[in-house]
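Working through the structure, step by step
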Amino acid sequence: MISVQSKEFLETKIDEHIIPSEKVAHVQMGNNLEHALLLLTKSGYSAVPVLDPQYKLHGLLNSALITESILGLEKIEYEKLENKRVEDVMMTDFPRIRLGENFKKAMDLLVDNNFLCVEDKDGVFEGIFTRRTMLKQLRGYVNRLNHL
Ligand code: AMP
């Protein structure tokens, strides 16, 4: 049977634990792939969200998608980077979660994803919720249980 403590933990809202949008590196619709690849490389992040000027969330972009799109028959055609846009290669089917959702829902999605994009009811990007954050919260919870 599920304990009161674990129910409380799983029902914790993600809202207080997200990395807010202003701290999340992102690219904008219309940016070219050269800019996106530079940002991904310099930041060291595996993937970044694609937003419009109103901060609506449109996609997710990683380096593999960029490289794949400029793969020629025998070589990587770097000169193509300048003329391609992020919206041509971004994924549009990716894990999203609404503000107000709880740890249980986030944990299920984080099994297969390193981080989740968080949006409000209008699709405006609010930030990200990472697997690292979830694991830290879980560690804190387990430690507290052991001291009860
Ligand atoms: P971490 O939890 O730091 O290991 O981050 C996992 C993944 O979440 C990174 O590889 C990025 O794709 C994404 N991420 C974490 N922090 C940021 C950030 N400040 N800006 C953009 N993406 C981030």
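Criteria and cut-off values
Residues numbered from 1 in each chain as written. Predicted model: local features only at pLDDT ≥ 70, side-chain atom pairs only at ≥ 80, totals over all residues. Heavy atoms only, no water. Axes fitted to C-alpha atoms, helices over the stretch in contact; angles between N-to-C directions. Helix = DSSP H or I, 4+ residues; strand = E, 2+ residues; numbered from the N terminus. Parallel < 35°, antiparallel > 145°, perpendicular 65-115°, else oblique. Left-handed = near helix turned anticlockwise from the far one by under 90°. Contact = heavy atoms within 4.5 Å. Near = heavy atom within 4 Å. Polar contact = N/O pair within 3.5 Å; in protein donor to acceptor, adjacent residues only side chain to side chain. Areas by Shrake-Rupley, 256 points an atom, 1.4 Å probe, with all protein chains shown as cover. 1 Å grid on protein atoms, 1.4 Å probe; cavity = no way out; pocket = protein on both sides within 12 Å on 5 of 7 lines; lining within 4 Å. Sits in = over half its atoms within 2 Å of the grid points. Nonpolar A, V, L, I, M, F, W, Y, C, P; charged D, E, K, R; others polar.

Going by the annotation in an unreviewed UniProt entry, the name recorded for the chain is CBS domain protein, with Falsibacillus pallidus given as the source organism.

As a packed pair, helix α5 (residues 103–110) and helix α6 (residues 131–146) sit with axes 10 Å apart at the nearest point and diverge in direction by 125°. Here α6 runs oblique to α5, going by the angle between their axes. Note that α5 runs across α6; the crossing there is left-handed. Residues Phe103, Met107 and Leu110 of α5 form the contact with α6, whose own contacting residues are Arg131, Met134 and Gln137.

Turning to the site of the ligand, a few remarks are in order. If you check the shell around the ligand, you find Ile19, Lys23, Val24, Ala25, Tyr45, Ser46, Ala47, Asn114, Phe115, Ile128, Thr130 and Arg132 and nothing else. Between the ligand and serine 46 there is a distance of 2.9 Å, counted from an oxygen atom to a side-chain nitrogen or oxygen. Look at the ligand: alone it shows 480 Å² of surface, and the protein chains cover 83% of it. In this structure, the ligand is accommodated by the largest pocket. Of the residues contributing to the shell around the ligand, the split by class is seven nonpolar, three polar and two charged.

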